[in-house]
Amino acid sequence: MNRLTLSTYILSILSLIFSQELSAQDLVNGEQYYAWNVKGTVVYSDANTESEVLDSLAYGAEVVIKDTSYPKIIRNFQVELDQDQIDYSLKGHWVKISTGNVEGYVFDGELSKRVPLKLIAGQQPEREDDYLERTLGDGVVTEKKEPLGTEPNIYYRRIKDIKYADGSYIHWESQEGCDMGEFFINGASFNQSYFIFTAFQFDNRSGIYFPNADIVKLTKVKGARLEFTDSEESYSNHITIKEDGKVVFGGGLCG
């Protein structure tokens, strides 16, 4: 395979990954789900964004799936834009839901079977490890310390892994003032990972993302990786589709 053909093949595969089934999920009629958009899940009167807005569901609101078969049309969910954020749309389907006295259509990527985070008014969001322990039980923890450099300039990288029974995991690395984490939540689609990631970064004390609004501005799309900061910043938040198909998110802080 020549270089041009290989490049074309890789681009087509990445396009397929981002635009099709990793962005969708198999919702079940009659079952309960939770709204996972911290900025509110908009309910429309019809399966298009030009129809009447019936409600905006708070994060964690319970909904019941009424119809997943109408219509099977890809919808672009527009990520919020500002001068520092690039234009990008999540892909997914419309789904009909009911909640309380409201029945209408929402973007399926904002819904999840997963129990919501604890977002208590006036507090920071629940930590990733606390959330997974609360919802999945105790994980298996392994820790190690690796020496780096040579004497007298030796330093250490500390690695902590937490693996859960369903295959979810947390991977932490710390060295020279940098703390970096990678999180995998089993069964979460790309869209769900986006909303899970932003929920973990939300500051309920001020109604913005924590620790500041800049932390989750989408600034780069690199193949199968979304980056939420500039490269010169000390933050490195991202959502990535790995070679094995796992959707992971992570980030950290050096300083």
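What helix α2 (residues 128-136) keeps buried is the set E128, D129, Y131 and L132. An end-on view of α2 places all buried positions within 160° of arc, on one side of the element. Looking at the buried positions of α2, the neighbouring elements they touch are β10 (155-163), β11 (169-175), β12 (178-184) and α3 (190-200). At the C-terminal side of α2, G137 shows a positive phi close to 90°.

Time to look at the environment of G139. By the secondary structure assignment, G139 is in the loop between α2 and β9 (140-148). In the structure, G139 is positioned 25 residues away from Y164 in sequence and 4.5 Å away in space, judged by C-alpha atoms. Setting aside residues no more than four positions away along its own chain, G139 makes contact with I162, K163 and Y164.

Turning to empty space enclosed by the protein, a few remarks are in order. Tallied over the full model, the rule gives one cavity of 30 Å³ or more. Volume-wise, the largest cavity comes out at about 30 Å³. Taken together, W36, G109, E110, L111, S112, Q192, F195 and I196 make up the lining of the largest cavity. Within the residue set of the lining of the largest cavity, elements represented by two or more residues are β8 (111-112) and α3.

Further remarks concern the nonpolar core. W36, L90, L117, F190, I239 and F249 are the most contacted members of the largest nonpolar core, which has 34 residues in total. At the level of secondary structure, the elements contributing two or more residues to this core comprise α2, α3, β17 (238-241) and β18 (247-254). Here this core takes seven residues from α3, the largest share from any one element. Once residues within four sequence positions are removed from consideration, F249 is found in contact with G181, E182, F183, I185, S193, I196, F197, F200, H238 and I239. One finds V43, A61, I97 and V106 within the second-largest nonpolar core, a separate group that totals 13 residues.

The rules behind each value
Residues numbered from 1 in each chain as written. Predicted model: local features only at pLDDT ≥ 70, side-chain atom pairs only at ≥ 80, totals over all residues. Heavy atoms only, no water. Buried < 20%, exposed > 50% of the residue type's maximum accessible area, 1.4 Å probe, protein only. Helix = DSSP H or I, 4+ residues; strand = E, 2+ residues; numbered from the N terminus. Arc of directions from axis to C-beta. Contact = heavy atoms within 4.5 Å. 1 Å grid on protein atoms, 1.4 Å probe; cavity = no way out; pocket = protein on both sides within 12 Å on 5 of 7 lines; lining within 4 Å. Points joined across faces, edges and corners; volume = space filled by probe spheres on them. Core = buried A, V, L, I, M, F, W, Y, C linked by side-chain atoms within 4.5 Å.

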